[in-house]
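Residues per chain, in single letters:
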Amino acid sequence: MKVLKHHLVVTALASNLVLSGCIDDIKITDESESTESPQPTEPTPPQINLVDPQATAETRALFAFLKQTNEDAIMFGHQHETTQGLTILDRSSGLESDTVNAVGDFAAVYGWDYLSIVGDEESIDEHVKLAYDRNGIITISAHFPKPIEGTGIVNQLLPGQAGNDEYIAILDKVADWAHSIKSYDGTSIPIIFRPLHENTGSWFWWGAEHATPDEYISLWRFTVDYLKEKRQIRNFLYAYSPSAQFFNTEETYLERYPGDEYVDLIGYDFYAPPSQDFLERNVTAARIVGKLAEERNKISAITETGIRNGISAYPEVTNWFTELHDALLADEFAKKISYMLVWRNGRLDHYWVPIENGTDNLMDDFVAYHAKETSWFNQDLPDSLYETENTIAEEAPFIDIVTPTLYQSLAGQFDIHAKVDFIPNIEQVVYSTDQGLTVTLTKAQEALYYRGLLDTTGLTEDSAVTGTLTVTYDGGKILATEQIFLVNNQQPPVDAGLVDDFETYSGLDALLQGQYPSAGQALAPTFSDDVATINNGTYSLSFNYGLDADNAWAGITKSLNADWSDKNTLQIWVKPDQMGQRLVIQITSGNGTWEHYQILGDIARDVTTAELNPNGDATLVNELTQATLLEIPFDQFIDKKNGNAKIDASKITKFGLYVNALTDHTFTPVTDASIYIDDIMALHIDGNGEFTGAEQAVEYALNFTDSADAARWNDAGSATITHDTANETLTVTPSWAAPKYIITKAVNPIDSTGKEASISVFVPQSYVDEGLFAFKFFVKDNAGKGGHFGLIKAADLVGDSWNEITYENINSDSYVWNASGFDMTQIAQTGLELISGGSSITDTFYIDNIRMGPSTKITMLFDDAADVTGWSDGGGGLALTYDATESAMAVVPTWPAANKLLSFKNLPDLTDFVSKTLSLRVKIPEAYITEGTFKLKITAKDEAFKFANFPAINTSNLTGDDWNTITFENIQIESFGFSASDFNINAIKQIGFEIRDSAVTEEILIDNIIID
């Protein structure tokens, strides 16, 4: 075990005494000229300022420990440390982990999530207790479900709004668990609680595209207020963790920061492929949070980080842990982070801590990382961690306008909520407007906030109003804060096609920026009131950008929730800057992200859409040389990823504008450039087509009989995909430039619920013998979110042969994995995920007959009488009933002179019998066997009612008074003992049976007719 030296923390010393070093190596230097021995004073415990000044002693001690040790070492954390793992034998014990199996110690920081609290992931209570019992540190992230339907819902979850109760119901589950989670001796276990994370991205409902900064801040503050004050949770430290993909300065980090009064830990999440850029961006982000935490008396951490898609995706990487750790420690502020946490070890293709016999090559590096004195794991944590001394700083007075949020549009009466905290002897709380309206706010006993009704009907319509919260206290002292809201009582109807005319923001740049968050580098769009930059009205949007080699694109987006089924054209006014860059106009719909391109100026050469989009063609991109009101038919938008042919205009969710450097254009950095945008609207123009929404297909089927099925496959850049015209298959030759990749093709959207999915794969024997290669039947929904049906290993396949793989009656459990938000009712892409598993074989394999649709299996199981209905009675000679005891169809013959009886039933659809298997069970009384002449034939009729039958089954082939299974496999036309001329085996309409040559009239039972 490595030797641990806990640094001595000294906060108050005699003026002439200097201490340095560790507790086992203290050097004392007397810097005065006096020979008298100084008398050192007792060290003063560090003073801390928590979100919750009433936090438990153990919670305060945890904060103090993290604060004091912020330069000694960086602790290692792991999500699902003891509940998930690839080398754990008993996931319920809490005594095992992949970390322990790798280095002999647990992580110092144990991460779990809200999903475990509510039972959607493994139960964690015993695991948390064990972790705390060994002095571990626990953090809980919160993948909250969406409380209410709709877009831009954050404002609706705040106090007094329609969705507040639904959001409270989620918080109550957190609070109930927080109250219940106690150690073995009954102590409330301290938790670093990390809600509403990665908010600078837009993949969660609280993200940047779904909430303005002030809306997000208000939701965060309400979350903390409710848990801390209403539910009296005293064992939480609150961690703020935006995604580092979207900040690179202190200023951009703080755009959505909830405030020092509401944050204990300043952190971030960051994933990226391993590279020098990833390392530098991680250190930059750590430097930002480390410096902010130092200045604000907070703690800092990398709350999530790791190689994107897990370490198994990059087996060539051999030194990720030590390289990142050393780079962090080399920076003045980055080294101050308290811990870094990597994600879970969930699957062999989705893990972040190295394992023996895994597909990563980081075990040696992880062992070396653990051995460093500056990397702390569980055993490095002191027994006294939760006893670290501290004192609580005095709280400063605090006031806040909770609702309305900044620039919120108000109508009628509005319920104002105001936070007033740590203020003695309050005399009056008033909310006043700059239009002379004043409301006195009051607070009910045990309420969180001061409240009062603001009647906006007396305020000027379409005006921006400044509201001021004023608190008078302690003999006339005054605190005040203000913010702006908008008055919109008339609320005229808005055309569903309107994206923006920029006339409803009162010219407020901050409000505009809240509606148009950046996508990529931070941008700050502003209003322009210069008539030369406006198409109509008073304002246009000034898209202000710069491009350089490191930031070759810039964009803004606006969330929408519109039905454009009656539209077919996008109108947008653009005044270009003549800089020769690419303007991307983007629409996100129910079946993908669609793009249209313009060149901003004359670049004296032709650019085709194929150069800009893999789904493009030889169409030339227009060069925009002057201000123009563009009218772009929807069919000129190209699907960005999936290759869909037609936009689904019934569900428009986002509009985006981007300026990108041309891919093969001689790049010249651009600084302080602006283009101007106005009057963005969807219209209907005769002749531009109809887009009433993409109708869902009943099925999709790729049989590669022509080249269309082999065209437009997304090959992830790592495989050669061609069409084998002779054999009518798709050929795939991997290069293994990456250890795994996904190949997909767009299909007509389909609801997979209850459907059947199938694929045929021919795998060379070389892969089977090696046993490393594997694949997954992979699909994506219309938003590009993926799911698969599980891992299929080459070792489990038959080499040099076709393997038929089928998944029946698909439901949510059929998807072994799917991305968050995956919609199984909108499958829009099909394909495979290919996994090398370390294989270097690049032999070609073949794919055929990819299908998803209604089950092709026809079953008559006779579980009830319904399956007896519809069978013909042989001209009156057959009595057909349901035998409930045997769950079978009972057939009692009355033999005619011809001594032959037939019965048929229609199949659900015309059915192709080629290569199918037909089976059924028959129970024949012994009397027929003894008689010896009885025969049974299975029959069929095609769509023209032409007849065929399989060879007769004689009594010599049957066992009396017992069930006999009859099977016809790999059916071909030759399989029939008789078939009429031109009988169509590809279109069978009826299935039936013929019995003959007997005088016995005892009951025959038929069951389990299956055609597959």
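Residues numbered from 1 in each chain as written. Predicted model: local features only at pLDDT ≥ 70, side-chain atom pairs only at ≥ 80, totals over all residues. Heavy atoms only, no water.

The name given to the protein chain in an unreviewed UniProt entry is Glycosyl hydrolase, with Catenovulum sediminis as the source organism.

Ranked by size, the top nonpolar core spans 123 residues in total, and within it Met 75, Ile 137, Phe 144, Trp 205 and Trp 320 carry the most contacts. Not counting chain neighbours up to four residues away, the residues in contact with Trp 205 comprise Phe 144, Pro 145, Lys 146, Pro 147, Ile 153, Val 154, Leu 157, Tyr 167, Leu 196, His 210 and Leu 219. (Core = buried A, V, L, I, M, F, W, Y, C linked by side-chain atoms within 4.5 Å. Buried < 20%, exposed > 50% of the residue type's maximum accessible area, 1.4 Å probe, protein only. Contact = heavy atoms within 4.5 Å.)

Read across the open sheet, the five strands follow the order β15-β21-β20-β17-β18; overall the sheet is mixed. Unpaired on one side and paired on the other, β15 (409–410) and β18 (438–440) mark the two borders of the sheet. Direction of pairing for β15 relative to strand β21 (residues 477–487): parallel, over a ladder of two bridges. Note on β21: the bridge partner recorded for Ser 409 is Leu 486. (Pairing = 2+ DSSP bridges. Helix = DSSP H or I, 4+ residues; strand = E, 2+ residues; numbered from the N terminus.)

The buried fraction of strand β5 (residues 109–113) is high, at five of five residues. Alternating positions in β5 separate into two faces, Val 109, Gly 111 and Asp 113 on one and Tyr 110 and Trp 112 on the other, with burial throughout. Bridge analysis of strand β4 (residues 74–79) against β5 gives three bridges, and the strand direction is parallel. Directly across from Gln 79, in β5, lies its bridge partner Gly 111. The β-α-β motif built from β4, the intervening helix α2 (residues 98–103) and the parallel element β5 has right-handed crossover chirality. Of the pairings in the sheet, the one linking β5 to strand β6 (residues 137–141) comprises five bridges and is parallel in character. When the sheet's bridge partners are listed, Asp 113 is paired in β6 with Ser 141. (Right-handed = clockwise from strand over helix to strand, strands pointing away.)

With that settled, consider the pattern of salt bridges. Under the definition given, this model contains 38 salt bridges. The shortest N-O distance in the salt bridge between Glu 122 and Arg 91 comes to 3.9 Å. Taken as a pair, Glu 122 in the loop between α3 (114–117) and α4 (125–133) and Arg 91 in the loop between β4 and α2 lie far apart in primary sequence, 31 residues in all. Arg 91 sits in the partly exposed class, given a relative accessible area of 33%. We note a salt bridge from Lys 857 to Asp 1012, for which the minimum N-O separation is 4.0 Å. Note that Lys 857 is positioned in the loop between β45 (845–853) and β46 (858–860) and Asp 1012 in the segment after β57 (1004–1011), a separation of 155 residues in sequence. Of the residues examined, Asp 1012 reaches a relative accessible area of 37% and is grouped as partly exposed. (Salt bridge = Lys/Arg side-chain N within 4 Å of Asp/Glu carboxyl O.)

Turning our eyes to something else, we now look at unusual backbone geometry. A cis amide bond links Thr 403 to the next residue, Pro 404, at an omega of 5°. Examined against the element boundaries, Pro 404 turns out to sit in the loop between β14 (398–403) and β15. Its identity is not glycine, yet Phe 422 carries a phi of approximately 60°, on the positive side. For Phe 422, the location among the structural elements is in the loop between β16 (413–421) and β17 (426–433). Phe 422 sits in the partly exposed class, given a relative accessible area of 34%. Residues other than glycine seldom take positive phi values, yet Asp 462 does so here, at roughly 60°. Among the secondary structure elements, Asp 462 is positioned in the loop between β19 (450–455) and β20 (464–473).

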